[in-house]
Amino acid sequence: MLKALTGSSLVKTSTSSPLTRYFGHLSKSKTKTLGKSHGRVIILGSGWAGYQLLRKLNKKDYEVTVVSPRNHFVFTPLLASTAVGTLEFRGIVEPVRGYSKDIDYHQAWVDGVDLKRQVIRCTSNLEDNKGQEFELDYDKLVISVGAYANTFNTPGVKEHGIFLKDISDAKKIRNRVLECFEYAAQPGVSDQEKAAKLHFAIIGGGATGVEFSSELYDFISEDLSRLYPQLMDHTRMTVYDVAPSILNTFDSKLADYATKKFTRRGIQIKTGTHVVRVEKDYVELKEEGKVPYGMLIWSTGLSANPLVESLKDIAKDERSHRILTNEHLQVLDDEKKEPYSNVYALGDCATILNQDLPATAQVANQKAIYLSKTLNNEVKGKPTDQGFSFKNMGSMAYIGSWKAVVDMSAVHEGATEGGFLAWLFWRSAYLSMTVSARNKMLIPMYWFSAFLFGRDVSKL
Ligand SMILES: Cc1cc2nc3c(=O)[nH]c(=O)nc-3n(C[C@H](O)[C@H](O)[C@H](O)COP(=O)(O)OP(=O)(O)OC[C@H]3O[C@@H](n4cnc5c(N)ncnc54)[C@H](O)[C@@H]3O)c2cc1C
């Protein structure tokens, strides 16, 4: 049930537009109510966990509502490809409403959860009534709001660095790279300025940082080198990491293989390096002092979503601040660690007590499938006794120039591969995992177009 908070202290009247005031009466009425027999399930977030759950949940018996500030799902493993134009943004998103007409959706942030009243507090994320607040009540609640990038409180990162978490970040990166090249190509720019503008710094040598560096390397070496040949001597990329090696969650042979490939291509890898601060034009490193850059990508891990931080009375992991659940993915109370029977948490924002699983799409996806089965079986009167167990399907990363590393040692002992075959596997695996038939068609078309005609270099 939608309860607009008009008239209460929660309403931010200053943000209401004439349009909102005209249509204000709508927010007082209930939204589309499907009146399903097993009540309303509200899913917070439209990421890997939330979107998969939405797809698999039985919508004949449950009234399924999604609340998320973005109205689509993003296929994150291919996000780095869109940041340089190997793929186009539309090819890796799936609209929430597009999947099923039997769901309800609100484009809003969830700011609070009242576990006693079984109510969530939301703030609209639409242009025309941004900031307007309303409440929704639930019978079952699924918290899958993901996590934020971790800056480790390093000064200047939020202001000057770019994260790679969402489509808006990928758009920012694409424009920034082109801005740097156009700037360096203008008359009167000194060699020193060119070298500074064309230094691309990637902070974080995990899978995301490495994949992004590889995509950027391809973009520069295959497309920009053709368009700005005079600038190639000034262009460089550096991957910084505090750890002693990059790709440290992969088999060490694969990490070495990737390191060698990067070094041979002239991508500098500086491990054991600590960032002290980030300023507009330079990054200050403990080991080297001030290093100028044109674009700085920050990809160093995760911190808690502010909603999760604000939640009271629920148990959280001390180290990662993620929500603690039991093996049935039910949220635990803070004091006795007993489960709330109708509140679940999964994806990057949650972890199972005494089972520290990685924050990956693979885990989020498998947990969503598990929870959908549990809830669907509940309708049939068949409770699920068995808790969630993770099946590690291995990991992969693109390392540039038609090469990838694939580590399947968790599935078959010694099953690791690096090179062209691994790249073929990487591409086909992700293509098969994309959701809609539309994107399964679009993605190979974009790949083919980038191969034939080069990547689009329009700055939009
Ligand atoms: C560039 C990149 C590449 C990656 N590659 C891989 C890979 O190859 N393999 C792999 O396994 N993992 C990969 N990951 C990790 C994977 O994307 C995450 O583990 C996964 O997205 C987690 O799913 P989630 O549903 O928990 O969170 P997300 O997918 O982050 O979704 C969170 C959702 O919650 C919404 N939300 C946030 N705050 C609120 C709020 N207050 N109220 C309501 N909604 C909210 C967000 O808008 C979003 O829709 C990658 C991540 C990135 C960024």
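Conventions used here
- Each chain carries its own residue numbering, running from 1 in the direction its sequence is written.
- Local features in this predicted model are restricted to residues whose pLDDT is 70 or higher, and side-chain atom pairs enter the listing and the counts only when it is 80 or higher, whereas totals over whole chains, interfaces and linings include all residues.
- Only hydrogens and water are set aside when side-chain values are computed; all heavy atoms of the structure are taken into account.
- Where helices and strands are cited, they refer to DSSP runs of H or I of at least four residues and of E of at least two residues respectively, numbered from the N terminus.
- C-alpha atoms define the radius of gyration, and 2.2 Å times the number of residues to the power 0.38 defines the globule rule.
- Think of it in three bands: residues with accessible area under 20% of the maximum for their type are buried, residues over 50% are exposed, and the middle band is partly exposed, with areas taken using a 1.4 Å probe on protein chains only.
- In what follows, a contact means two residues having at least one pair of non-hydrogen atoms within 4.5 Å.
- Paired rings are identified among Phe, Tyr and Trp, the last through its six-membered ring, by centres lying within 6.5 Å, and are further divided according to the angle between planes into stacked (under 30 degrees), edge-to-face (over 60) and tilted (the rest).
- Charge-over-ring contacts are defined here by two conditions on Lys NZ or Arg CZ: a distance within 6 Å of the ring centre and an angle within 35 degrees of the ring normal.

(A) Geometry of the overall build of the protein chain. Helix and strand content of the protein chain: 13 helices and 25 strands. A compact globule built from 460 residues would reach a C-alpha radius of gyration of about 23 Å, and the protein chain, at 23 Å, matches this within 12%. Structurally, the protein chain occupies a C-alpha span of about 65 × 60 × 45 Å along its principal axes. Across the 460 residues of the protein chain, 52% fall into the buried class. Of the contacts formed within the protein chain by residues at least 6 apart in sequence, a portion of 65% connects residues at least 24 apart.

(B) Spatial organisation of the packing of aromatic side chains. Applying the stated criterion across every chain yields a total of 13 aromatic pairs. For the pair tryptophan 402 and phenylalanine 451, a centre-to-centre distance of 5.7 Å together with 70 degrees between the ring planes defines the contact as edge-to-face. Placement of tryptophan 402 in the loop between strand E23 (395-400) and strand E24 (403-407) and of phenylalanine 451 in helix H13 (residues 437-453) is noted, with a sequence separation of 49 residues between them. When its relative accessible area of 36% is taken as the criterion, tryptophan 402 is described as partly exposed. When the centroid spacing of 5.4 Å and the interplanar angle of 25 degrees are considered together, the rings of phenylalanine 420 and tryptophan 423 count as stacked. With phenylalanine 420 and tryptophan 423 both in helix H12 (residues 420-433) and three residues apart, this pair spans about one turn of that helix. Here the aromatic cluster, defined as three or more aromatic residues joined through ring pairs, consists of Trp48, Tyr51, Phe73, Phe75, Tyr99, Tyr398, Trp426 and Tyr430. The aromatic ring of phenylalanine 89 is capped on one face by lysine 171, whose charged end is 5.6 Å from the ring centroid.

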